[in-house]
Amino acid sequence: MNNLQKNKLIDNAFKTIGILFTYLGILILAILLYKIIAAGSSRINWDFLTSLPSRKPEKAGIYTAILGTLDLMMLTIIISIPIGIGAGIYLEEYAKKTKLTTLLEINIANLAGVPSIIYGLLGLGIFVRFFNFGGSILSGALTLSLLILPIIIVATREAIKAVPSSLKEASFALGATKWQTIQKVVLPSSFGGILTGIILAMSRAIGETAPLIVVGAMAYVPFVPHSVFDTFSVLPMQIFTWTTRPKAGFAIAASGAIIILLILTFVMNGVAVYFRNKWQKKLGN
Amino acid sequence: MTTTTKNRKIEKIPQENILDNASKISIKEMDIWYGAFHAIKEVSMKINPNTVTAFIGPSGCGKSTFLRLFNRMNDYIESFHFDGKIKIDGKNIYGKKTNIEELRKKVGMVFQKPNPFPKSIFENVAYGLRIQGIKDKKIIAERVENSLKQVALWEEVKNDLKKSALALSGGQQQRLCIARTLAVQPSVILMDEPTSALDPISTASIEDLIFKLKEKYTIIIVTHNMQQASRISDYTAFFYMGNLVEYNKTELIFTKPEKKQTENYISGKFG
Amino acid sequence: MKLKEKIIELILQFFASITILTTVGIIAVLLFESITFFRSVSIIDFFTDTQWTPLYSEKHFGILALVSGTVLTSVIAISVALPIGLTIAIYLNMYASKEFKKTLKPFLEILAAVPTVVYGFFALSIVTPFLQSIYPNLETFNSLSAGIVMGIMIIPFVSSLSEDALSAVPKSLKEASFGMGATKFQTAFKVMVPAASSGITVSVILAISRAIGETMIVAIAAGQQATFTFNPTVPIQTITSYIVQVSMGDAPQGSIEYRTIFAAGLTLFVFTFILNSFSFYIKKKYQEKYE
């Protein structure tokens, strides 16, 4: 075999490995989904969704966990969206190129890399203890809001950057103030991109477990929360506690809860990808 | 430095002779820098009301920068700074009391590429009115119609006012952008190479329009196209390397230029 | 009008500064509780003792026991994620068609979007039994299974960042190599990977940072036994899973157990901070190179 043939062989071998590895991810995903659906689908019914958690695995449901997740997400949205979009607008449209701005940017990049459990410790120290909100929905939502803020800020900035400067100039030239221009031209044009970022941030938040454990989410919440100061559980928390129980029935219940959590996560991601494609097409024109 | 001193002498054109009315805009010893780059060098000029003045010169000569001084569009560039005086209607537009938004309502601008908002045709023209806080639907509708009529676009779009402005052709878009500017009722309109992105037919219609608009507005147009400057402008200013080389009645600039540089440029020897 | 504009700007500026407050808050909380912690525990013991038993009656505070668990799971994760992720990146960049890349991307994104608690469940109830069928001595809780699954979770991260780095290499380099008769494989490893090395390094560093901060997979699948060991078949505990363990119990505020999680958290924060800053520094340098 000459050199040329040898090189060709190596090239083809690597290509095959590349294909295998690329499909490996999909294969693992398929195994994961198959095993979980096989184990948990028998639990997916109306009772499972509307029952309280229980010590008996076959009776246990995810009612309070789902409601906790919905409440927590709602509050997180209310807190993080205005702050995240506002900060993004500030950095993109107002901030001058000073050292302080550079510091802000480096800081945001760094925050995005801080492990989520550290945010839990922050929440525990500040919201739970210092402000004395306790292990409440409010503490959880504030903690998650800080956690996803970098994602929303970065998405907002990217979306605003994509708005052609000619549109902003046109608005200024007609006598619009900066805020009028942002409100009437910049935000409507960047809406799709910002929305995509928010949904992706939410899909990240909905699966978070570690920071909520630290902040004090409960493993067992037998009642529906009424106020933001109530204790709470969430779907991932419920999955975690069921996973750590030795009784076999709980693994099945956990699988059922995972199916619900994955549906929520995948739907959110799908919607985000849909908006992203639609928005990119619109910008392309 | 010696060259600058020489150029300063060149710039001294007896403006009194060519300006027959009270001036609408006057600029005195204007210097503009972008960081360390000296973009405009001690330019002085006066511009008459209800005239079309063309700024010509090779790209990078500073003419667009100079134009953007008139409605303070340079303000957003952080490295921009200037030294000199510019008055519109006798008022210093860089004075402490100047309201930039008010200034821009008076001094409208049309850009190189048509830049309609991704909104409906109607909302594009109504934009300037809405940001002024005008809510009366009748007034807005009336002004939109008038503005679109002034740019001869009304007949083409009157049934499609709700359609996206992005669906219009390039020439229509540029006329829409002019209508959008007119709706705010400015007295000066700045045009930064308004036809450079358009086909010849659309260009001709915009040129006709500029000629008509002169009756009501003072127009300053930056152009690369010397034929265009000679067709539509009353006065022409030739810029080169940040200097105002020659400024005179258009017919004189194009038939009997005083400076060699001007002659070289208009005869196509460089640029 | 002017006043309204100014107020809006101030509000937006305040929103942006919340990110600074977050960092300040993290450092303040971690330092505050840790300083109190180190009043009762010697720093030297903290860094040299190899036992970590704050929840037992005979208390030891040797963070090395947790650090070893963290390093062990991270090393396993990176040895899975780096070769696979990098191979995928090279395959996508050099061999795959644009359409294939486009259809594949959403799948990789899904892999990255699966909540970590689900991966933890996957490790404990699917991967561990599978590994036990090959190697029966593997214990139910072990770092091998947790590390492998963590690696799978990080693959999309490595592959997409590395692919970005490869895409940023000027096309002319690739063409020059092809022009001299090199195969795709030769071009990839002799030209593309070296040219994109800083970007690939950044992706690896960020992946390491992700791995040492990952919590739920190890909390579920790796066990709760803080042992100073590099044996991948036995239960271990990482910094993160220790914090979870204490949080699931009810350590009263002000107790030494309560404070240990902040000292452990500070250690973790310093590790990730150094890694993130290092990657930021490399990224900065590498951007300059291409500009």
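Residues numbered from 1 in each chain as written. Chains lettered and ligands numbered in written order. Predicted model: local features only at pLDDT ≥ 70, side-chain atom pairs only at ≥ 80, totals over all residues. Heavy atoms only, no water.

A separate point is the overall build of chain A. The helix and strand inventory of chain A stands at 11 helices and zero strands. Scanning chain A from its N terminus toward the C terminus, one meets helices and strands in the order α-α-α-α-α-α-α-α-α-α-α. Based on the C-alpha atoms only, the size of chain A along its principal axes is roughly 75 × 70 × 35 Å. Residue pairs in contact within chain A that sit at least 24 positions apart in sequence constitute 75% of those at least 6 positions apart. Split by element, the accessible area of chain A, about 12,100 Å² in all, is 67% carbon and sulfur. Charged side chains in chain A number 24 positive and 11 negative. The centres of these two groups are separated by 4 Å. (Helix = DSSP H or I, 4+ residues; strand = E, 2+ residues; numbered from the N terminus. Contact = heavy atoms within 4.5 Å. Areas by Shrake-Rupley, 256 points an atom, 1.4 Å probe, with all protein chains shown as cover. Lys, Arg positive; Asp, Glu negative; His and termini not counted. Charge placed at Lys NZ, Arg CZ, Asp CG, Glu CD.)

Residue and element names in this part refer to chain C. Assigned domains within chain C: domain 1 (2-40) and domain 2 (64-290). Each of domain 1 and domain 2 has a C-alpha centre, and the two are 30 Å apart. Counting residues at the interface gives 10 residues for domain 1 and nine residues for domain 2. Counting the surface lost from both domain 1 and domain 2, the interface buries some 910 Å², and carbon and sulfur atoms represent 81% of this. Counting every contact that joins domain 1 to domain 2 gives one salt bridge. In this assembly, domain 1 and domain 2 are joined by two residue pairs in polar contact (both at pLDDT 80 or more). (Domains from an automatic or database assignment. Buried area = accessible area lost by both parts, 1.4 Å probe. Salt bridge = Lys/Arg side-chain N within 4 Å of Asp/Glu carboxyl O. Polar contact = N/O pair within 3.5 Å; in protein donor to acceptor, adjacent residues only side chain to side chain.)

On to the pairing of strand β1 (residues 25-34) of chain B, then. All names here are of chain B. Alignment of β1 against strand β2 (residues 37-47), held across seven bridges, turns out to be antiparallel. The residue of β2 that forms the bridge with Met-30 is Val-43. Where β1 folds back on β2, the antiparallel hairpin that results is connected by two residues, among which Gly-35 adopts a positive phi of roughly 60 degrees. The pairing of β1 with strand β4 (residues 80-88) spans eight bridges and is antiparallel. When the bridges of β4 are listed, Tyr-34 appears paired with Phe-80. (Pairing = 2+ DSSP bridges.)

Our next topic: the environment of Arg-245 of chain A. With respect to the helices and strands, Arg-245 of chain A occurs in the loop between α10 (235-244) and α11 (248-284). Along the primary structure Arg-245 of chain A and Pro-57 of chain A are separated by 188 residues, whereas in three dimensions their C-alpha atoms are 9.7 Å apart.

What follows is about helix α6 (residues 137-161) of chain A. The periodicity of an α-helix, 3.6 residues per turn, causes residues three or four places apart in sequence to face the same way. Residues and elements named next belong to chain A. With 25 residues, α6 should cover 36 Å at 1.5 Å per step; its first-to-last C-alpha distance of 35 Å lies within 8% of that length. At Ile-148, α6 is deflected by roughly 40 degrees, the largest bend along its length, and proline Pro-150 occurs up to four residues later in sequence. Where burial is concerned, most of α6 is hidden: 21 out of the 25 residues are buried. (Expected span 1.5 Å × (residues − 1). Bend = angle between axes of the 7 residues up to and from the residue. Buried < 20%, exposed > 50% of the residue type's maximum accessible area, 1.4 Å probe, protein only.)

Often the size quoted for an interface is simply the accessible area lost on bringing the parts together. Across the boundary between the two partners, chain C contributes 70 residues, which contact 77 residues of chain A. When chain C packs against chain A, the two sides together hide about 6,500 Å² of surface, and 80% of this comes from carbon and sulfur. At the junction of chain C with chain A, the criterion picks out one salt bridge. Close ionic contact of Arg-276 of chain A with Glu-109 of chain C constitutes a salt bridge, the shortest N to O distance being 3.5 Å. For the side of chain C that touches chain A, the leading source of residues is helix α1 (residues 2-40) of chain C, giving 17 residues.

Turning our attention to the pattern of salt bridges. Evaluated as defined, the whole model comprises 24 salt bridges over all chains. In this structure, Glu-92 of chain A and Arg-157 of chain A form a salt bridge, with 2.8 Å as the shortest nitrogen-oxygen distance. Highlighted residues: Glu-92 of chain A in helix α3 (residues 63-94) and Arg-157 of chain A in helix α6, separated in sequence by 65 residues. The exposure class of Arg-157 of chain A is buried, given its relative accessible area of 15%. Asp-160 of chain B serves as the salt-bridge partner of Lys-163 of chain B, at 3.7 Å between the closest nitrogen and oxygen. By relative accessible area, Lys-163 of chain B is classed as partly exposed at 48%. What makes Asp-160 of chain B partly exposed here is its relative accessible area of 29%. Overlapping salt bridges bring together Glu-92, Glu-105 and Arg-157 of chain A as one network.

Okay, the side chain of Asn-48 of chain B next. Following the sequence through the fold, Asn-48 of chain B ends up in the loop between β2 and β3 (52-56). Among the polar contacts made by the side chain of Asn-48 of chain B, one reaches the side chain of Tyr-235 of chain B at a distance of 3.4 Å.

With that settled, consider the sheet that holds strand β7 (residues 188-192) of chain B. Residues and elements named next belong to chain B. Pairing within the open sheet is mixed, and its six strands lie in the order β6-β7-β8-β3-β9-β10. Each having just a single partner strand, β6 (107-110) and β10 (243-249) make up the two edges of the open sheet. Ignoring which end each strand starts from, the neighbouring axes of this sheet average 15 degrees apart. Direction of pairing for β7 relative to strand β8 (residues 218-222): parallel, over a ladder of five bridges. Looking at the pairing, Leu-190 lines up with Ile-220 of β8. In this fold helix α8 (residues 170-183) packs onto β6 and β7, with an angle of close to 170 degrees to the strand it touches most, β6. (Axes fitted to C-alpha atoms, helices over the stretch in contact; angles between N-to-C directions.)

Our focus in this paragraph is α1 of chain C. Given a rise of 1.5 Å per residue, 39 residues ought to cover 57 Å, and the 56 Å separating the end C-alpha atoms of α1 of chain C matches this to within 8%. Most pronounced at Ser-17 of chain C, the bend in α1 of chain C amounts to some 25 degrees.

Residue and element names in this part refer to chain A. Assigned domains of chain A: these are domain 1 (3-43) and domain 2 (46-284). Computed over C-alpha atoms, the centres of domain 1 and domain 2 are 32 Å apart. On the domain 2 side, the residues contacting the eight residues of domain 1 number 13 residues. Here domain 1 and domain 2 share an interface that buries about 760 Å² over both sides, 72% of which is from carbon and sulfur atoms. Viewed at the interface, domain 2 and domain 1 are joined by zero salt bridges. Where domain 1 meets domain 2, there are one residue pair in polar contact (both at pLDDT 80 or more). Of the residues that constitute the side of domain 1 that touches domain 2, the class distribution is four nonpolar, three polar and one charged. (Nonpolar A, V, L, I, M, F, W, Y, C, P; charged D, E, K, R; others polar.)

Another aspect to go through is a nonpolar patch on the surface. Residue and element names in this part refer to chain C. Nonpolar side chains collect at one region of the surface, where Val-71, Val-75, Phe-228 and Phe-230 lie side by side and expose about 370 Å² of accessible area between them. Considering the arrangement of structural elements, one finds Val-71 in helix α3 (residues 64-95). By relative accessible area, Val-71 is classed as partly exposed at 37%. (Patch = residues over 30% accessible without salt bridge, like charges linked within 9 Å, V, L, I, M, F, W, Y side chains within 5 Å.)

Once that is clear, we can look at the sheet that holds strand β5 (residues 91-92) of chain B. Spatial strand order, β2-β1-β4-β5 (chain B): four strands in an open sheet with antiparallel pairing. Of all the strands in the sheet, the pair left with one neighbour each is β2 and β5 of chain B.

Scanning all chains against the criterion turns up 40 aromatic pairs over all chains. Between Phe-185 of chain C and Phe-189 of chain C, the ring centres sit 5.0 Å apart and the planes meet at 45 degrees, which makes this aromatic pair tilted. Taken together, the residues Phe-185 of chain C and Phe-189 of chain C, both in helix α8 (residues 184-195) and four residues apart, mark about one turn of the helix. Here Phe-185 of chain C falls in the partly exposed class, since its relative accessible area comes to 23%. Members of the aromatic cluster, each reached through a chain of ring pairs, are Phe-14 and Tyr-23 of chain A together with Tyr-91, Tyr-95, Phe-100, Phe-185 and Phe-189 of chain C. Lys-178 of chain A extends its terminal NZ or CZ atom over the ring of Tyr-94 of chain A, reaching a point 4.9 Å from the ring centre. (Phe/Tyr/Trp six-rings, centres within 6.5 Å; stacked < 30°, edge-to-face > 60°. Lys NZ or Arg CZ within 6 Å of the ring centre and 35° of its normal.)

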